[in-house]
Amino acid sequence: MKLKNALILLLTATIWGVAFVAQSVGMDYVSPFTFNGVRSIIGGLVLIPVILVLDRKKKAEGKDYKAPGDRKTLILGGICCGVALCVASNFQQFGVMYTSVGKVGFITACYIVIVPILGLFMKKKCSPFIWIAVILSLCGLYLLCLTPGEGFAIGKGELLVLVCAFLFSIHILVIDHFSPLVDGVKMSCIQFFVCGILSGIPALLLEKPDLTDILAAKVPVLYAGI
């Protein structure tokens, strides 16, 4: 069982890592808001049949009871998560335009140590291992941003992704608050639609997305969305 779980986590990391490549390739065809808008709507649509299957399974097992207020909390959680995801993912997508995929992946992953640091303000203690991880992450960030002959330099792309890492940390804390209270898959579905709609508004106003370009980017968009 431990090996199985480890392999699943490895697969998850692989899928997540390749998504950065898809995001970068997608920028060859569409603009950031358009990419995130379309991928998020696809993500929401893909989860609808998953929800139907899981609901059917719960009913068959007699687990379809819902506590009062669940729907209101579910919608609120989905909206809060969707807003946080929208802001974080768009900072990331703009960052992809100005720096390498490797840097985007590493800097975004810094939320792993930012989350427990933010947790300190919520009176959650951090173990010594967290502080060791913080130091190692800062060393990694330094090495990635070290330009030969120029020293340490954080460009526009790195700065955008650094903001994105902080925003994703907030997103995770929001998920941590709502996920024990509601159905996580349903909340994810709502958050994707909220993110897609919010990203679609500036896309329509500022980028004027073209269907031909979106279809040309179908492979990276579908990968990132599904």
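Note that the structure is a prediction, hence the values are computed from the model and not measured.

Points about the overall build of the protein chain
- Scanning the protein chain from N- to C-terminus turns up 10 helices and 2 strands.
- What you see in the protein chain, going N to C, is helices and strands ordered as α-α-α-α-α-α-β-β-α-α-α-α.
- Its C-alpha atoms give the protein chain a radius of gyration of 19 Å, within 12% of the compact-globule value 17 Å for 226 residues.
- A burial count over the protein chain gives 37% of its 226 residues as buried.
- Long-range pairs, those at least 24 residues apart, make up 85% of the contacts in the protein chain between residues at least 6 apart in sequence.
- Surface summary for the protein chain: the accessible area is close to 13500 Å², and the carbon and sulfur share equals 73%.

Regarding the environment of proline 209
- For proline 209, the location among the structural elements is in the loop between α8 (184-207) and α9 (211-216).
- Taking the C-alpha atoms as reference points, proline 209 and threonine 34, separated by 175 residues in sequence, lie 6.3 Å from one another.
- Residues within four places of proline 209 in sequence aside, it is in contact with Thr34, Ala203, Leu204 and Ile214.

Thoughts on the packing of aromatic side chains
- For the coordinates displayed, the defined rule picks out 2 aromatic pairs.
- A cation sits over an aromatic face here: lysine 156 above tyrosine 98, 4.6 Å from the ring centre.

A short note on the state of the cysteines
- In this structure the tally under the stated criterion is 0 disulfides.
- Between cysteine 86, a free cysteine, and cysteine 195, which holds the nearest cysteine sulfur, the sulfur-to-sulfur gap is 4.7 Å.

Brief notes about the side chain of glutamine 93
- In this fold, glutamine 93 is placed in helix α3 (residues 70-96).
- There is a polar contact of 2.7 Å between the side chain of glutamine 93 and the side chain of glutamine 23.
- Not counting chain neighbours up to four residues away, the residues in contact with glutamine 93 comprise Gln23, Met27, Pro32, Phe35, Asn36 and Arg39.

Brief notes about the nonpolar core
- Phe20, Met27, Val30, Phe35, Ile42, Val96, Val104, Ile107, Val161, Ala217, Val221 and Ala224 form the largest nonpolar core, which has 12 residues in total.
- Elements supplying a minimum of two residues to this core: α2 (32-60), α4 (101-108) and α10 (218-225).
- Beyond its immediate chain neighbours, meaning those up to four positions away, valine 161 contacts Gly95, Thr99, Val104, Ile107 and Thr108.

Side note on α2
- The end-to-end C-alpha distance of α2 is 42 Å, a good match for the 42 Å that 29 residues give at a rise of 1.5 Å each.
- Directly beyond the C-terminal end of α2, a positive phi value near 70° is found at glycine 62.

Brief notes about the packing of α4 against helix α7 (residues 156-178)
- The interhelical angle for the contact between α4 and α7, taken along N-to-C directions, is 30°, at an axis separation of 8 Å. It follows from the interaxial angle that α4 and α7 lie roughly parallel. Crossing of α4 over α7 shows right-handed handedness. Contact residues: α4 offers Lys103, Val104, Ile107 and Thr108, while α7 offers Glu158, Val161, Leu162, Cys164, Ala165 and Phe168.
- Considering only residue class, the contact of α4 with α7 consists of 7 nonpolar, 1 polar and 2 charged.

Observations regarding the confidence of the model for the protein chain
- With 91% of its residues at a pLDDT of 70 or more, the protein chain has an overall mean of 85.
- Mean pLDDT values for the elements of the protein chain range from 56 in strand β2 (residues 151-152) up to 95 in α8.

Looking at the environment of asparagine 90
- Inspection of the secondary structure assignment puts asparagine 90 in helix α3.
- In contact with asparagine 90, not counting residues within four places along its chain, are Pro32, Phe33, Asn36 and Ser199.

Overview of the pattern of salt bridges
- For the structure on display, the rule yields 2 salt bridges.
- Across the pair aspartate 55 and lysine 186 runs a salt bridge, and its minimum N-O distance is 3.4 Å. Linking aspartate 55 in helix α2 with lysine 186 in helix α8, this pair joins segments that are 131 residues apart in sequence.
- Given the relative accessible area of 15%, lysine 186 is considered buried.
- The partner of aspartate 183 in a salt bridge is lysine 58, with the nearest N and O atoms 2.7 Å apart. Here lysine 58 lies in helix α2 and aspartate 183 lies in the loop between α7 and α8, a separation of 125 residues in the sequence.

Calculation rules
- Residues numbered from 1 in each chain as written.
- Predicted model: local features only at pLDDT ≥ 70, side-chain atom pairs only at ≥ 80, totals over all residues.
- Heavy atoms only, no water.
- Helix = DSSP H or I, 4+ residues; strand = E, 2+ residues; numbered from the N terminus.
- Rg over C-alpha atoms; globule rule 2.2 N^0.38 Å.
- Buried < 20%, exposed > 50% of the residue type's maximum accessible area, 1.4 Å probe, protein only.
- Contact = heavy atoms within 4.5 Å.
- Areas by Shrake-Rupley, 256 points an atom, 1.4 Å probe, with all protein chains shown as cover.
- Phe/Tyr/Trp six-rings, centres within 6.5 Å; stacked < 30°, edge-to-face > 60°.
- Lys NZ or Arg CZ within 6 Å of the ring centre and 35° of its normal.
- Disulfide = S-S within 2.5 Å.
- Polar contact = N/O pair within 3.5 Å; in protein donor to acceptor, adjacent residues only side chain to side chain.
- Core = buried A, V, L, I, M, F, W, Y, C linked by side-chain atoms within 4.5 Å.
- Expected span 1.5 Å × (residues − 1).
- Axes fitted to C-alpha atoms, helices over the stretch in contact; angles between N-to-C directions.
- Parallel < 35°, antiparallel > 145°, perpendicular 65-115°, else oblique.
- Left-handed = near helix turned anticlockwise from the far one by under 90°.
- Nonpolar A, V, L, I, M, F, W, Y, C, P; charged D, E, K, R; others polar.
- pLDDT = per-residue confidence, 0-100.
- Salt bridge = Lys/Arg side-chain N within 4 Å of Asp/Glu carboxyl O.

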